[in-house]
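Chains, contacts and geometry: an overview
Below, each chain spelled out in residue letters.
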Amino acid sequence: MGISKFAKVDPSVKVGENVVVEDGVEIERNVIIGHNVVIHADTKIREGTFISDNVIIGKNDGKVIVEKDVTIGANCIIYTGTLLEEGVVIGDFVSIGENSKIGKFSKIEGRVTVESDVIIGSHSRIENDSYLCKDCRLGNDVIVGIKSLVLSGVKISDGKIINPKSTVSNDL
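We now turn to the structure provided with this report. (Residues numbered from 1 in each chain as written. Predicted model: local features only at pLDDT ≥ 70, side-chain atom pairs only at ≥ 80, totals over all residues. Heavy atoms only, no water.)

This part takes up the overall build of the protein chain. What the protein chain contains, in helices and strands, is 0 helices and 27 strands. Here the C-alpha radius of gyration of the protein chain, 16 Å, is about what a compact globule of 172 residues would show, namely 16 Å. Along the first, second and third principal axes, the C-alpha set of the protein chain runs to 50 × 25 × 20 Å. In the protein chain, buried positions account for 44% of the 172 residues. The long-range share in the protein chain, meaning contacts at least 24 apart out of those at least 6 apart in sequence, stands at 0%. Element-wise, carbon and sulfur atoms account for 48% of the exposed surface of the protein chain, whose accessible area totals about 7,900 Å². Side chains of the protein chain give 20 positive and 25 negative charges; the mean places of these two sets differ by 2 Å. (Helix = DSSP H or I, 4+ residues; strand = E, 2+ residues; numbered from the N terminus. Rg over C-alpha atoms; globule rule 2.2 N^0.38 Å. Buried < 20%, exposed > 50% of the residue type's maximum accessible area, 1.4 Å probe, protein only. Contact = heavy atoms within 4.5 Å. Areas by Shrake-Rupley, 256 points an atom, 1.4 Å probe, with all protein chains shown as cover. Lys, Arg positive; Asp, Glu negative; His and termini not counted. Charge placed at Lys NZ, Arg CZ, Asp CG, Glu CD.)

This is how it looks when you write it as structure tokens:
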């Protein structure tokens, strides 16, 4: 399969083995793509981004936007319609559902699930083994402690810190 002739890939991009880049994908300069990566149609990847091995971006329809200087760890799935803003860091074994937005310079540590339609503000951190359910909203500078669960539709305002192993069922 390889790189589609209808994709725009800057010549400076480093591409690993067994990479698939579909039609309409745009990849800017100084991007590094690991082995066994699939980038689905109409996805935009901005400069300076690092994508580790065994990653799927744009699962279900493509159209993901990855802004500049983003890091995506190994074995991740980023579903269609998602926006990863500048400087976001995604750990290994992370799943981000459809139409979600991860704010600038936020960090999602390993083994985290973010369901669809979730918004995470800038400079926030989601620690290992946490789960964010559909339609939850996290403000800026929020920390979700390790092994925590944020239930569907919950809104967490700026600067809140969720203790490890918490279940958040009401707005904070």
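The next thing to look at is unusual backbone geometry. With glycine set apart, most residues show a phi of negative sign, and most peptide bonds adopt trans. One non-glycine residue, Asp-135, lies in the positive phi region at around 65°. Here Asp-135 lies in the loop between strand S21 (131-132) and strand S22 (137-138). Classification of Asp-135 by relative accessible area gives partly exposed; the value is 31%. At Lys-165, a position not held by glycine, the phi torsion is positive, near 60°.

Attention now moves to the sheet that holds strand S25 (residues 155-156). Backbone-to-backbone hydrogen bonds join strands into a sheet, with any given pair of strands oriented parallel or antiparallel. A sheet is described by the order of its strands in space; here 9 strands give the open sequence S1-S4-S7-S10-S13-S16-S19-S22-S25, paired in parallel fashion. Looking at the sheet topology across the chains shown, the edges are occupied by strand S1 (8-9) and S25. Direction of pairing for S1 relative to strand S4 (residues 26-27): parallel, over a ladder of 2 bridges. By the bridge assignment for S4, Lys-8 is matched with Glu-26. (Pairing = 2+ DSSP bridges.)

Another aspect to go through is the sheet that holds strand S6 (residues 38-39). Strand order across the open sheet formed by 9 strands is S3-S6-S9-S12-S15-S18-S21-S24-S27, with parallel pairing between neighbours. The open sheet has two free edges, formed respectively by strand S3 (20-21) and strand S27 (167-168), since each of these has just one partner strand. By the bridge criterion, 2 bridges tie S3 to S6 in an arrangement that is parallel. When the bridges of S6 are listed, Val-21 appears paired with Ile-39.

Turning next to the pairing of strand S9 (residues 56-59). Of the strand pairs in this sheet, S6 and S9 are connected by 2 bridges, and their pairing is parallel. When the sheet's bridge partners are listed, Val-38 is paired in S9 with Ile-56. When S9 meets strand S12 (residues 77-79), the two strands line up parallel, connected through 3 bridges. Within S12, the position partnered with Ile-56 by the bridge is Ile-77.

This part covers the side chain of Ser-130. Here Ser-130 is to be found in the loop between strand S20 (125-126) and S21. For Ser-130, a relative accessible area of 1% corresponds to the buried category. A distance of 3.2 Å separates a polar atom in the side chain of Ser-130 from the backbone nitrogen of Ser-148. When near neighbours in sequence (up to four residues on either side) are disregarded, Ser-130 contacts Arg-111, Val-112, Thr-113, Val-144, Gly-145, Ile-146, Lys-147 and Ser-148. (Polar contact = N/O pair within 3.5 Å; in protein donor to acceptor, adjacent residues only side chain to side chain.)

This part takes up the side chain of Ser-116. Of note, Ser-116 is situated in the loop between strand S18 (113-114) and strand S19 (119-120). Within the structure, the side chain of Ser-116 is placed 3.4 Å from the side chain of Lys-134, a separation counted as a polar contact. The contacts of Ser-116, once residues within four sequence positions are left out, are Gly-97, Glu-98, Ser-100, Lys-134 and Asp-135.

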